[in-house]
Amino acid sequence: MITNALEEGELRLNLTHPSVDDTGNYTCSIRYRGRKLRQFKVQLKVQKVPVPTWVTVLVVVLVLLVLGGAVIGGVLWYHRSKTNTVLQVEVDSGVESVLLPWRTNVHLTDDVTVEWTDKENRKVHVYQNGSDHPEQQDGRYRGQTEMNKDLKIGDFSLTMKHVTSVDTNMYTCTVYSRDGNKLSSKDVTLKVRVPQVEVEVDTGVESVLLPWRTNVPLTDDVTVEWTDKENIKVHVNQNGSDHPEEQFYLYRGRTEMNKDLKTGDVSLTLKYPTSVDSGSFFCTISSNHGNILMRKEVELEVRDCQVEVEEGAESVLLPFRTTPDLPGDTEVVWRRYRPRPEMMVHLYQNGSDQSDEQNQFYRGRTEMNEDLLRTGDLSLRLKNPTETDSGGYGCRVESRERKIWRWTRVMLKVKGTVQVQGPTEDIRTSSSSPDPTPLLADSAL
């Protein structure tokens, strides 16, 4: 093996003068402090050929590239194929940094361009003419990456800070000459392990806390930004004050943070959570210069509302409560999306119920509170429920005036033995206004 194998990251084994007796399986194990990190097996077959022994010299090179200590809290390994080497890096969400390694033996000048991109071809990091170019980065990576400044040593590794599950991706590093010719490239796969569900609640609770208390006090000039799994802004606190105008309308009026950041408590209170809120939430703390200081991931699961009632009951309530004092242009739409066909159950629009828009099967059987916009109680009462009413119901709430959007799901089960003729295509009304709610509901189930 070469003398500086660990420093170079190449575990090269040369076997000279092989004979038929050397045929067999060879294993290379990589250990750190007694813990096995990776193990590779190579099969060697030495064929007996009728040639002089002085020309029978076979050098078997087993190249295992290993990176040690570069990944904080992570394990990394290489997978070798017939044509190239695919590197995989695995870390836990929330680690301070992770290294996407690439080191070559070629020494380059400062006039080359090094470009890291993800599989969606978004620019992760650009190094050109001896300096970084953050203005060319995709916004989601800005302030999160760092490269070695001396390319002459052939080290193009990329450090990514405070990674979360959304950073799981295939990353490609490409080196271009001054003339724009491609000199070399390398693929690195990053997998960020998602933590177990940390917070679980039922639909219908008044609020849920997404907790994070940092180990250090914060100053008022930092920016605290909570985003969801789609990278949509949930809550923004900058220079000591909230900025609701930056929130996505699904979360507007539903979030609250501690006002005193000096305690290090940046937990987020999310009011009236529903199952559509289930997923990962990310809190990013940045300096006033835009540099990421810390990042935390919290997993939220909001269980669907389950309602059971006996057939023959006078009525059943499909509950939904949200923020009070909704604007006057708020539209409330209750639909049954399962089983098919989809049906309009109840429509509240322009300050009153619109019974003409209801499916005939539900006409005269539904009722909502009179003061629903002021109280935020958008529950629906369904009269004389039968087994045929069993299924999935969704309620969509929308105000274009204040850009508010809400959504919930309720699963209704009516238990009984009486068979009732259900709704068919013949009794549906002509109302078929497009509504994305059933698609959202189906995709989430």
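Everything below is about the structure shown above.
Throughout what follows, the structure given in this document is the object of discussion. This one's a predicted model, so the numbers in the text were calculated from it and none came from an experiment.

## Here's the deal with the layout of surface pockets
1) Next: Here the second largest pocket is characterised by a volume of approximately 580 Å³.
2) Next: In this structure, the second largest pocket is lined by 26 residues; those nearest its centre are G139, R140, E225, T284 and R295.
3) Next: Put simply, the parts of the chain that give the lining of the second largest pocket at least two residues each are β17 (223-227), β18 (233-238), β22 (279-286) and β23 (292-303).
4) Next: Grouping the constituent residues of the lining of the second largest pocket by class yields 3 nonpolar, 13 polar and 10 charged.

## Remarks on the sheet that holds strand β21 (residues 268-271)
1) Next: One open sheet holds the 3 strands; their spatial order is β16-β21-β20, and the pairing between them is antiparallel. Of all strands in the sheet, those with a lone pairing partner are β16 (207-210) and β20 (255-257), marking the two edges. Ignoring which end each strand starts from, the neighbouring axes of this sheet average 25° apart.
2) Next: Pairing of β20 with β21, which is carried by 3 bridges, proceeds in the antiparallel orientation. Across the sheet, the residue bridging to M257 is L268, located in β21.

## Side note on the packing of aromatic side chains
1) Next: Here the structure, examined in full by the defined rule, presents 6 aromatic pairs.
2) Next: Measuring from ring centre to ring centre gives 6.3 Å for Y141 and Y171, while their planes differ by 75°; the resulting arrangement is edge-to-face. Here the residue Y141 occupies a position in the loop between β10 (131-132) and β11 (145-147), and Y171 occupies one in strand β13 (residues 169-176), the gap between them amounting to 30 residues. Of the two residues, Y141 and Y171, both sit in the buried class.
3) Next: Aromatic side chains F361 and Y362 sit 5.2 Å apart centroid to centroid with 80° between the ring planes, which places their arrangement in the edge-to-face category.
4) Next: Under the relative-accessibility criterion, F361 is labelled buried at 15%.
5) Next: Here Y362 falls in the buried class, since its relative accessible area comes to 0%.
6) Next: Members of the aromatic cluster, joined through ring pairs, are F361, Y362 and Y393.
7) Next: Taking the ring centre of Y141 as reference, the NZ or CZ of R140 above it sits at 5.8 Å.

## Side note on the sheet that holds strand β7 (residues 97-100)
1) Next: What the 3 strands build is an open sheet, ordered β7-β12-β11; its pairing is antiparallel. Every other strand in the sheet has two partners, leaving β7 and β11 as the edge strands with one partner each. For this sheet, the mean inter-axis angle between neighbouring strands, taken without regard to orientation, is 25°.

## Concerning the nonpolar core
1) Next: The biggest cluster of nonpolar side chains holds 28 residues, and the ones touching the most others in it are V224, W226, V266, F281, I285 and L300.
2) Next: For this core, the secondary-structure elements that each account for two or more residues are β15 (199-202), β16, β17, β21, β22, β23 and β32 (404-415).
3) Next: The element best represented in this core is β23, accounting for 4 residues.
4) Next: Among all residues touching V266, those that are not within four sequence positions of it are W212, T214, L218, V224, W226, M257, L261, C283 and I285.

Calculation criteria
- Residues numbered from 1 in each chain as written.
- Predicted model: local features only at pLDDT ≥ 70, side-chain atom pairs only at ≥ 80, totals over all residues.
- Heavy atoms only, no water.
- 1 Å grid on protein atoms, 1.4 Å probe; cavity = no way out; pocket = protein on both sides within 12 Å on 5 of 7 lines; lining within 4 Å.
- Points joined across faces, edges and corners; volume = space filled by probe spheres on them.
- Helix = DSSP H or I, 4+ residues; strand = E, 2+ residues; numbered from the N terminus.
- Nonpolar A, V, L, I, M, F, W, Y, C, P; charged D, E, K, R; others polar.
- Pairing = 2+ DSSP bridges.
- Axes fitted to C-alpha atoms, helices over the stretch in contact; angles between N-to-C directions.
- Phe/Tyr/Trp six-rings, centres within 6.5 Å; stacked < 30°, edge-to-face > 60°.
- Buried < 20%, exposed > 50% of the residue type's maximum accessible area, 1.4 Å probe, protein only.
- Lys NZ or Arg CZ within 6 Å of the ring centre and 35° of its normal.
- Core = buried A, V, L, I, M, F, W, Y, C linked by side-chain atoms within 4.5 Å.
- Contact = heavy atoms within 4.5 Å.

By themselves these figures say nothing about function.
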